[in-house]
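Analysis of the macromolecular model
The primary structure of each chain is shown beneath.
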Amino acid sequence: MVSLNYLEYFGLEREPFSNAPDERFFFSSNRHTHALKKLHYAIDSSKGLAMLVGGIGTGKTTLARRLFDRLPAERYESALLVMVHSGITPEWILTRIALQLGVSTPAEDRLVLLRQLYERLLQIDQQGRQAVVLIDEAQMLQSREIMEEFRGLLNLEIPGRKLLNILFFGLPELDENLRLDPPLAQRVALRCHLRSFTADMTEAYIKHRLQVANAPCMLFEQQAIRQLYRYAGGIPRLINTLCDNSLLEAALQGCRRVTTELVAQAAFDLGLSGEDLPIGEVVQSESEEIESLLDRLEVR
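A brief report on the enclosed structure follows. Small disclaimer: the values here were computed from a predicted structure and weren't measured. Every residue gets a number counted from 1 within its own chain, in the order that chain's sequence is written. Side-chain atom pairs in this predicted model are given and counted only at pLDDT of 80 or more, local residue features only at pLDDT of at least 70, and totals for whole chains, interfaces and linings cover all residues. Side-chain figures throughout are based on the complete set of non-hydrogen atoms in the structure, without hydrogens or water.

Describing the packing of aromatic side chains
Rules: Centre distance within 6.5 Å is the pairing criterion for rings of Phe, Tyr and Trp, where only the six-membered ring of Trp is used; planes under 30 degrees apart are then read as stacked, over 60 as edge-to-face, and the remainder as tilted. For helices the rule is a DSSP run of H or I covering at least 4 residues; for strands it is a run of E covering at least 2, with both sets numbered from the N terminus onward.
Considering all chains together, one arrives at 7 aromatic pairs under this definition. When the ring of phenylalanine 27 is compared with that of phenylalanine 197, the centres are 5.7 Å apart and the planes differ by 75°; the resulting orientation is edge-to-face. Here phenylalanine 27 is found in the loop between α1 (6–10) and α2 (30–44), whereas its partner phenylalanine 197 is found in the loop between β7 (188–194) and α9 (199–212), with 170 residues between them in sequence. Each ring, one from phenylalanine 197 and one from tyrosine 205, has its centre 5.3 Å from the other, and the planes form 55°; the classification is tilted.

What follows is the structure in structure tokens.
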């Protein structure tokens, strides 16, 4: 009987297609890199409010964590908050942001708390650093009161610059949430849209993760990768799940490489038809002027 541990079967050192966050497996596609550069630009230029939207499983959380981990403490006072449900209150948001940015004992009274936060932001500015708050799963912010609270936070500024930068990461419906407070929607200074991978990006992504897992050889046939792309639609989370199941199926059947038939079997078991997925997006690259500006800024 074939062991269910396909890592041993294929000679892998670690699980190559887990959806758990792991810095070692970060795939720096041109889309992810470009989005990170734009978000860094928004922070370093003190734009105030920026946002990144994308479909389910396109890598928004990965980028949020990547950006957060790459903000050095000597230059930034940063916080990352994940919105886990839509019942979050403005009071909770304000208190959590204050705590994350270094207010040791947030007051219960809102006006007092705002004063505490303002004084803390002034300290951060006087230290030559920037305050940054990253909000992941921001589509969960579904009330006008919360949006008004964020607008109020953006009003914490001094002549010439803002004291706080806020970055939203969420599904496309985040745009609708922002329109609950039109003045806040107008303050979005930069917006990125994270699209799914192309077929070539999908192939490079799979090879990258196998390489990080120290695969002894390429474990997917060329046509199997194309088949996998059609089922997963270029969405990283689905690519991981389908690759993982395909490798398991291959091990169970005693195959040394994943074939199109094995991908089809894994996709069928997962209920993936590929019919409703955004396959084959061909997106025109940004203008050379924008790319040149970002490169000159040397944001990484």
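Quick notes on the sheet that holds β7
Note the threshold: A strand pair is defined by DSSP finding two or more bridges across the two strands. An axis is simply a line fitted to the C-alpha atoms; with a helix, the fit covers only the stretch in contact. Between two such axes, the angle follows the N-to-C directions and lies from 0 to 180 degrees. The contact criterion used is simple: two residues touch if any of their non-hydrogen atoms lie within 4.5 Å.
The 5 strands are arranged β2-β3-β6-β1-β7 in an open sheet whose pairing can be described as parallel. Single-partner strands in this sheet number two, and they are β2 (76–82) and β7. Pairwise comparison of adjacent strand axes, ignoring direction, gives a mean angle of 15° for this sheet. Looking at chain direction, β2 and strand β3 (residues 130–136) are connected through 7 bridges and run parallel. When the bridges of β3 are listed, leucine 80 appears paired with leucine 134. With respect to the sheet, helix α5 (residues 110–126) is in contact with β2, β3 and β6 (164–170), its orientation differing from that of β3 by roughly 120°.

A few points about the packing of helix α4 (residues 90–100) against helix α6 (residues 144–154)
When two helices pack together, their arrangement is given by the angle between the helix axes and by the axis-to-axis distance. In plain terms, the rule: Definitions for this section: a left-handed crossing has its near helix turned counterclockwise from the far helix by less than a right angle. A right-handed crossing has that turn clockwise. Residues are sorted three ways: Asp, Glu, Lys and Arg are charged, Ala, Val, Leu, Ile, Met, Phe, Trp, Tyr, Cys and Pro are nonpolar, and all the rest, Gly among them, are polar.
It is at 9 Å that the axes of α4 and α6 come closest, and there the two elements cross at 35°. The handedness of the crossing between α4 and α6 is right-handed. In contact with Pro90, Ile93, Leu94 and Ile97 of α4, α6 contributes Glu145, Ile146, Glu149, Phe150 and Leu153. Within the contact of α4 with α6, the residues separate by chemical class into 7 nonpolar, no polar and 2 charged.

Overview of the nonpolar core
Inclusion rule: As used in this record, nonpolar core signifies buried Ala, Val, Leu, Ile, Met, Phe, Trp, Tyr and Cys residues forming a set joined through side-chain atoms within 4.5 Å. For each residue, the accessible area found with a 1.4 Å probe, counting protein chains only, is set against the maximum for its type, and the residue is called buried under 20%, exposed over 50%, and partly exposed in between.
Leu117, Ile135, Leu141, Phe150, Leu153 and Phe168 are the most contacted members of the largest nonpolar core, which has 37 residues in total. Of all elements in the fold, only β1 (49–54), β2, α4, α5, β3, α6, β6 and α7 (174–178) reach the threshold of two or more residues within this core. Listed in part, the 32 residues of the second largest apolar core include Phe17, Leu219, Ala224 and Ala232.

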